[in-house]
Amino acid sequence: MEEMHIIHDPVLPGQVLDGLALVPGGVYVDGTLGEGGHSRLILESEPACRVIAFDQDEAIIGIARRRLAPYGERFTAICSNFESMSEALLAGGVRAVNGILLDLGISSFHYEASGRGFSFQKSEPLDMRLGVTARVSASDVVNEYAEKELVRIFREYGEERYAGRIARAIVEARTREPIVTADRLAALISRAVPASYAHERIHPATRVFQAIRIEVNRELEVLEDVLGQTVDLLLPGGRLCVISFHSLEDRIVKHFMRDNEPHCICPPRAPRCTCGCPGRLRAVYRKALVADDEEVAKNPRSRSAKLRVAERIADGAAV
Ligand SMILES: C[S@@+](CC[C@H](N)C(=O)[O-])C[C@H]1O[C@@H](n2cnc3c(N)ncnc32)[C@H](O)[C@@H]1O
């Protein structure tokens, strides 16, 4: 029987399975296990495959372990940041895999049940740490960072138009009393921005909450790190599938895949190409895949999901 708190529907399920192009007996890495939705799809779709999954959050990995226990030894969960992926796999004797999935960000569990201040509607402590490697909490960021650092983070990680006004309001408010709950921070942000902002599709605090979460969990840094590891881990023909939920992540994924595509490195004046166009990845789809209307209606979280898929090219293969 499903546990009551399992509320996270895996996004783009069909596209992920097509993208991974599962092979019998294949070994797959789910870098972002969450409640185990995608891992379960993989295990169900290819009965002879194995899934090794990572999540840095102890609370959610417990849910997934219980849920996927029926798959026995075909499923292994590792509680770790995916930035340690190569090292952790090697420690388990795994050098190469047939596919790697990253479904970035946080899960419905984090908003609904973690109690860590991810949702701006709740009076929860401002924490937002996903794993033990996070050095600062959301409260540390909000109450201790200098105003100009807050502006930078809100601009860079939130692409927030009113970064300066919001940072000023936070600094003024915290001199009177520390800002310790998510709903208080959200209310403060709402008051700091022009009233017209409240009529946008998203809550006025959305971008700032995203920015703080990225800072706390070093989300962009660890993404760049793990992408670099995936190329060495994939077997020739192996697939890398990455689902991102905002433009900062998607940009990193897109550039990474493009940078690893075969490209000519001959000198510009060379009469003909002799370099063999080295490359390690081939884009499987030219554009990112997105959810269709039916999925968005059923699972609103899928609205901003973008899936990019690349295939590992054999070293030295002719292109
Ligand atoms: C969007 S959810 C994954 C949902 C999952 N695909 C499913 O269908 O149930 C993302 C998960 O990745 C985890 N996560 C995010 N960043 C991580 C990282 N750097 N290392 C390991 N886990 C991470 C989060 O804790 C969260 O549980």
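As the structure is a computational prediction, the values presented were derived from the model and not from experiment.

1. Side note on the overall build of the chain
(1) Moving on: Of the regular secondary structure elements, the chain holds 13 helices and seven strands.
(2) Moving on: Taken over the C-alpha trace, the chain has a radius of gyration of 21 Å; the compact-globule value for 319 residues is 20 Å, and the two agree within 12%.
(3) Moving on: Buried positions account for 42% of the 319 residues belonging to the chain.
(4) Moving on: Counting contacts in the chain only where the partners sit at least 6 residues apart, residues at least 24 apart contribute 67% of the total.

2. Notes on the site of the ligand
(1) Moving on: Around the ligand, 21 residues are found, and the nearest of them are Pro10, Thr32, Gly34, Gly37 and Asp103.
(2) Moving on: Counting only elements with at least two residues in the shell around the ligand, the list comes to helix H2 (37-45) and strand E2 (50-55).
(3) Moving on: Across the shell around the ligand, the residue classes tally to seven nonpolar, 10 polar and four charged.

3. A look at the environment of valine 222
(1) Moving on: Relative to the assigned elements, valine 222 resides in helix H11 (residues 219-233).
(2) Moving on: For the pair valine 222 and aspartate 127, spaced 95 residues apart in the sequence, the C-alpha separation amounts to 19 Å.
(3) Moving on: Apart from residues lying up to four places away in sequence, valine 222 is in contact with Asn81, Phe82 and Glu83.

4. Some words on the domain arrangement of the chain
(1) Moving on: Annotation of the chain at the domain level lists domain 1 (13-109 + 219-312) and domain 2 (135-217).
(2) Moving on: Opposite the four residues of domain 1 that make contact, domain 2 presents five residues.
(3) Moving on: Of the residues assigned to the side of domain 1 that touches domain 2, the class counts are two nonpolar, one polar and one charged.

5. Quick notes on the nonpolar core
(1) Moving on: In terms of nonpolar packing, the biggest core is built from 51 residues, with Leu12, Val51, Ile100, Cys241, Ile243 and Leu307 touching the most fellow members.
(2) Moving on: Leave out the neighbours within four places in its chain, and leucine 12 touches Ile243, Leu289, Ala291, Ser302, Ala305 and Leu307.
(3) Moving on: Ranked by size, the runner-up nonpolar core spans 30 residues in total, among them Phe120, Val141, Ala186 and Ile189.

6. Structural notes on the pairing of strand E1 (residues 27-30)
(1) Moving on: Summarising the sheet, E1 and E2 pair through four bridges and their orientation is parallel. The residue bridging valine 29 from the neighbouring strand is isoleucine 52, located in E2.
(2) Moving on: A crossover connection joins E1 to the parallel E2 through H2; in handedness this β-α-β unit is right-handed.
(3) Moving on: Where E1 meets strand E4 (residues 97-103), three bridges bridge the pair, whose relative direction is parallel. If you follow aspartate 30 over to E4, its bridge partner there is leucine 101.

7. Points about helix H7 (residues 147-158)
(1) Moving on: With 12 residues, H7 should reach 16 Å at 1.5 Å per residue; the first-to-last C-alpha distance of 15 Å fits that figure.
(2) Moving on: Along its buried surface, H7 packs onto helix H8 (163-176), helix H10 (206-217) and helix H12 (247-259).
(3) Moving on: Once H7 finishes, glutamate 159 follows within two positions and takes phi at roughly 50 degrees, a positive value.

How each quantity is defined
- Residues numbered from 1 in each chain as written.
- Predicted model: local features only at pLDDT ≥ 70, side-chain atom pairs only at ≥ 80, totals over all residues.
- Helix = DSSP H or I, 4+ residues; strand = E, 2+ residues; numbered from the N terminus.
- Rg over C-alpha atoms; globule rule 2.2 N^0.38 Å.
- Buried ≥ 20, exposed ≤ 12 C-beta atoms within 10 Å, placed from the backbone.
- Contact = placed C-beta atoms within 7 Å.
- Near = placed C-beta within 6 Å.
- Nonpolar A, V, L, I, M, F, W, Y, C, P; charged D, E, K, R; others polar.
- Domains from an automatic or database assignment.
- Core = buried A, V, L, I, M, F, W, Y, C linked by C-beta atoms within 7 Å.
- Pairing = 2+ DSSP bridges.
- Right-handed = clockwise from strand over helix to strand, strands pointing away.
- Expected span 1.5 Å × (residues − 1).

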